[in-house]
Every structure is written in structure tokens, then in C-alpha cells.
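# Structure at a glance
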Amino acid sequence: MTTLKVAVIPGDGIGWEVVPEGLKVLEAVGRKHGLDYAFTEYDWGCERFHKTGRLMPEDGLERLKESDAIFLGAVGFPGVPDHVSLWGLLIPIRREMHQYVNLRPVRMMKGMKCPLANRGPEDIDFWVIRENNEGEYSEIGGRLNRGTDREMAIQETVMTRHGTDRIMRYAFDLCRRVGKQKVTSATKSNGIIHTMPFWDERFEAIAAEYPDLKTDKYHIDILTAHFVLHPDWFDVVVGSNLFGDILSDLGPAVAGSIGIAPSANINPEGDYPSMFEPVHGSAPDIAGKGIANPIGQIWSGAMMLEHLGHQAAADDIVKAIETVLEGAGPKTPDIGGQATTKDLGDAIVEALK
Ligand code: ATP
Ligand code: MG
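In this text, all values refer to a predicted model and were calculated from it rather than measured experimentally.

### Things to note about the overall build of the chain
- Counting its regular elements, the chain contains 11 helices and 12 strands.
- Scaling as 2.2 N^0.38, a compact globule of 353 residues should have a C-alpha radius of gyration of about 20 Å, and the chain matches this with 20 Å.
- Along the longest, intermediate and shortest principal axes, the C-alpha atoms of the chain span 55 × 50 × 40 Å.
- Burial status across the chain gives 46% buried among its 353 residues.
- Here the analysis covers contacts within the chain between residues at least 6 apart in sequence; of these, 76% occur between residues at least 24 apart.

Printed below as a string of C-alpha cells:
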């Protein structure tokens with residue numbers, strides 16, 4: 001029996017509804033594959049911020065380092081400004097744990113309805129890789145002449161060769177590993193004239209190390225259009241922190257629903273734990289109603305098991321999700337049904353048997 005130490009952070013809103021379903025499925029697949037878990041749950045998030053002024057305790061990051069992986073719901077809720085919740089929990093974890101890859105599969109599951117006419121699961125199956133530690137999301141900058149008519153705001157983008165090369169290499173390595181052919185770069189080197197030409201140069205330099213793989217690049221504006229018009233063009237798409245963020249919400253939306261999309265914040269070196277969370281946020285509009293789709297969380301659990309080396313268990317979860325989506329079983333309202341979060345979680349556990 002292998003015991004996996006998992007730090008569990010439900011966070012805010014529907015995080016508290018979908019995380020229990022994710023844990024339930026992990027337990028069920030564990031029983032089949034000889035996996036055991038030591039879950040440690042943390043009540044970090046916006047409610048804690050209201051009570052204590054911090055989203056997580058001062059030694060929070062240190063505590064997380066003791067785990068094999070982090071399983072997160074969603075953080076952020078009305079009443080706490082978004083930048084406070086983001087910089088008070090998510091970004092510190094991603095940076096301190098060197099989770100410099102944000103990996104998001106964009107895959108239209110059989111049984112899902114695609115918002116694009118004439119597109120099906122065979123057209124939409126690619127990966128978005130977002131640089132997760134530097135780039136546009138930087139603390140460098142400030143505000144000048146506040147409150148005057150000469151007021152201005154400055155925010156610097158920082159791209160290092162170390163940070164850029166490693167995300168590109170990850171993209172090319174993943175492309176080989178999953179048996180795909182092409183890596184696409186998201187750029188904007190016509191308008192952003194320092195960082196983006198650097199990004200392009202590094203892309204070309206790293207591409208030269210992988211002569212067996214094809215490459216292409218698009219400016220981010222037309223690339224978003226191509227995601228909608230030609231999703232079948234893409235295998236692996238690599239983008240900076242901001243561009244990757246945008247593309248990795250657009251991709252799942254094109255694939256049918258944000259509610260089922262998973263995501264992984266990966267530390268490829270494995271010296272600190274990686275973190276697995278659904279693409280969606282805390283969904284305040286439906287929180288507390290018990291109707292959130294738990295599949296994004298459950299699929300994130302599968303990515304966690306895959307990352308920890310338990311491929312067969314991960315594949316089993318993805319298969320069970322697909323079985324339920326394709327069948328006549330329960331569906332939550334976002335995917336056209338009337339079932340509850342728990343019904344859908346139960347159906348996936350049942351499909352695992
Ligand atoms: P964040 O900034 O944290 O990413 P967001 O502003 O992008 O959050 P979400 O919380 O993801 O927003 O919600 C966007 C919309 O998608 C809302 O209408 C929400 O109800 C819906 N939604 C999000 N997640 C789910 C889910 N798991 N099931 C059903 N609907 C969802
Ligand atoms: Mg969002």
C-alpha cells in the first residue's frame with residue numbers, strides 16, 4: 001500500500017462542495033489500485049481573511065512543503081478584492097513551490113455539447129502550457145501622482161532566460177511524451193517590443209533542440225480567434241503567464257464547459273509539491289446550492305495521481321468521467337441536467353467499480 005500525503009485546501013465558495021467529491025473519487029480509485037492517502041485539510045481562504053487578516057497562517061507555506069501534493073478547490077470571494085486573495089494564497093504557493101508550469105488539457109469529452117457548430121471530440125484535444133511564475137504577473141511597478149490629473153500606473157513584465165527556457169522545454173518534452181507533433185507559441189512581438197521578441201528568440205532557440213517536432217507561432221489576438229475557428233490545428237500551445245491564463249480559460253470553454261476543466265501547477269523537478277485545482281473559480285453565484293459541477297475537481301485529482309506516478313489509477317478516473325458524461329446518468333445544470341454535485345460525484349464513483 002502506498003500512502004500519499006495530500007494537503008487539501010477547499011478554499012472558498014463551491015470549493016467546499018466540489019473538493020469532497022474529488023476526495024471521494026480519489027478514495028474509490030485508491031481502493032482499486034492499492035493507494036492510501038493521508039489528507040490534511042486546511043481552512044484557508046477568504047473567511048479566514050475576514051477573521052484574521054490573512055488567507056493562510058504565516059507558516060502556511062512551510063506546512064504545505066510536508067505534503068506530496070496539494071489539492072485545491074478555489075480561492076476568492078466577493079468581499080475580498082481579487083488581487084488580495086490571489087496574492088495572499090495562490091501566487092505565493094505557485095512561486096514558493098517552484099510550480100512554474102501551469103498545465104491544462106483542453107479536451108472535449110465524449111458526451112459534452114460543443115458550443116462550436118460542427119465540432120466534436122476528434123477536433124478538440126490539445127494542451128495549454130502557461131508560464132506560472134514570472135512574466136506579466138509581477139510586483140514591480142507602482143502608481144505615481146495619485147489623485148492628480150497626471151496620475152499614472154506602471155507595471156513591469158519580467159522574463160528571464162532561465163524561466164523562459166524551462167517552460168519552453170517543458171512544452172516540447174510534453175509534446176514528445178504525449179505523442180503529439182507541434183508546439184505553438186503565443187506571442188505579441190509586434191506590439192510588445194522588448195519581452196515578446198525575447199520570448200520569440202528563446203522559442204526558436206529551444207525549438208532547435210527538438211528537430212523532430214513542428215512549431216508555429218501566432219500573435220495572441222489572432223490565436224484566440226483560431227482557438228474558436230480551428231481548434232483542430234493545435235497540439236501543445238505555450239504562452240506567457242498572462243497569455244497562457246487567457247488561453248487556458250478559452251480552451252475549456254470551447255471544449256464545452258469550464259466546470260469540467262482540470263489544471264495542474266507543476267514543479268517538474270519535484271523538490272516541492274505540485275498543486276492541482278479546477279480551472280473554474282469559487283462561483284459565488286451558485287455557491288451553497290449544491291449544483292456545482294465536480295468534474296473539474298475530480299479530473300484534477302486524476303492529474304495529481306498521474307503526476308505522482310499512478311497512471312493507471314488516473315486513467316481509470318478519466319474513463320469513469322467519460323462514461324458518466326456519455327451515458328444517461330446524472331448531469332449538473334451547467335451541462336444540461338438537473339442533478340446535484342453529489343449525485344454526479346456518486347455516479348463517477350459507481351462508474352469506477
Ligand atoms: P476566478 O477569478 O476565481 O477564476 P471567475 O471570475 O473566473 O473566478 P468562476 O468562479 O469560475 O469565475 O465562475 C464563472 C461562471 O462559471 C459562473 O457563472 C459560475 O457559476 C460558473 N461555474 C464555475 N465553475 C462551475 C462549476 N464547477 N459548475 C457549474 N458552474 C460553474
Ligand atoms: Mg477565471
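### Topic: the site of ligand 1
- Lining the immediate environment of ligand 1, one finds 16 residues, of which G259, H280, G281, A283 and N293 sit closest.
- A breakdown of the residues in the shell around ligand 1 according to their chemical character gives seven nonpolar, seven polar and two charged.

### Observations concerning the packing of helix α1 (residues 15-33) against helix α10 (residues 311-326)
- Look at α1 against α10: their axes get within 10 Å of each other, and the N-to-C directions meet at 130°. As judged from the angle between their axes, α1 and α10 are oblique. Our pair here, α1 against α10, has a crossing hand that is right-handed. Where α1 abuts α10, its residues V25, V29, K32 and H33 lie against A312, A313, D316 and I317.
- Grouping the amino acids of the contact of α1 with α10 by side-chain chemistry returns five nonpolar, one polar and two charged.

### Overview of the sheet that holds strand β8 (residues 182-187)
- The 10 strands are arranged β2-β1-β3-β12-β11-β4-β5-β10-β8-β9 in an open sheet whose pairing can be described as mixed. Since the sheet does not close on itself, it has two edges, and those belong to β2 (35-41) and β9 (214-219), each with one partner. Averaged over all pairs of adjacent strands, the angle between their axes in this sheet comes to 25°, without regard to strand direction.
- Bridge count between strand β5 (residues 125-131) and strand β10 (residues 236-239): four bridges; the pairing is parallel. Pairing of W127 across the sheet is with V236, part of β10.

### Section: helix α4 (residues 82-96)
- With 15 residues, α4 should cover 21 Å at 1.5 Å per step; its first-to-last C-alpha distance of 20 Å lies within 8% of that length.
- L90 marks where α4 bends most, by close to 35°; the proline P92 follows one to four residues later.
- Of the surrounding elements, those touching the buried residues of α4 are α2 (46-52), α3 (60-64), β3 (69-74), β11 (262-266) and β12 (274-278).
- Trailing α4 by a residue or two, H98 shows a phi angle of about 55°, which is positive.

### Regarding the confidence of the model for the chain
- This prediction gives the chain a mean pLDDT of 96; 100% of its residues lie at or above 70.
- The ipTM assigned to the predicted complex is 0.95, against a pTM of 0.94.

### Thoughts on unusual backbone geometry
- In this structure, N145 is a non-glycine residue whose phi angle is positive, near 55°.
- Counting through the fold element by element, N145 comes out in the loop between β6 (141-144) and β7 (152-155).
- Taking the number of C-beta atoms within 10 Å as the measure of exposure, N145 has 9 and is therefore exposed.
- Even without a glycine there, the phi angle at A283 is positive, about 45°.
- With respect to the helices and strands, A283 occurs in the loop between β12 and α9 (295-307).

### Focus: the nonpolar core
- In this structure, I129, A171, V236 and I321 are the most contacted members of the largest nonpolar core, which totals 93 residues.
- With near-sequence residues (within four places) excluded, A171 lies in contact with I129, V183, V236 and V238.

### Considerations on the environment of W299
- If you trace the backbone, W299 turns up in helix α9.
- Residue W299 is classed as buried on the basis of its C-beta count, with 27 C-beta atoms lying within 10 Å.
- Spatially, the C-alpha atoms of W299 and P92 are 24 Å apart, while their sequence positions differ by 207 residues.
- If sequence neighbours within four positions are ignored, W299 has contacts with I260, P262, V318 and I321.

### Focus: the pairing of β8
- Taking burial as the measure, the six residues of β8 include five buried ones, the bulk of the element.
- Pairing analysis gives six bridges linking β8 to β9, with the strands arranged parallel. Paired with V183 across the strands is T215, a residue of β9.
- Remark: the β8/helix α6 (residues 195-207)/β9 crossover connection has right-handed handedness.
- When β8 meets β10, the two strands line up parallel, connected through three bridges. Looking at β10, one finds that T184 is bridged to V237.

How each quantity is defined
Residues numbered from 1 in each chain as written. Chains lettered and ligands numbered in written order. Predicted model: local features only at pLDDT ≥ 70, side-chain atom pairs only at ≥ 80, totals over all residues. Helix = DSSP H or I, 4+ residues; strand = E, 2+ residues; numbered from the N terminus. Rg over C-alpha atoms; globule rule 2.2 N^0.38 Å. Buried ≥ 20, exposed ≤ 12 C-beta atoms within 10 Å, placed from the backbone. Contact = placed C-beta atoms within 7 Å. Near = placed C-beta within 6 Å. Nonpolar A, V, L, I, M, F, W, Y, C, P; charged D, E, K, R; others polar. Axes fitted to C-alpha atoms, helices over the stretch in contact; angles between N-to-C directions. Parallel < 35°, antiparallel > 145°, perpendicular 65-115°, else oblique. Left-handed = near helix turned anticlockwise from the far one by under 90°. Pairing = 2+ DSSP bridges. Expected span 1.5 Å × (residues − 1). Bend = angle between axes of the 7 residues up to and from the residue. pLDDT = per-residue confidence, 0-100. Core = buried A, V, L, I, M, F, W, Y, C linked by C-beta atoms within 7 Å. Right-handed = clockwise from strand over helix to strand, strands pointing away.

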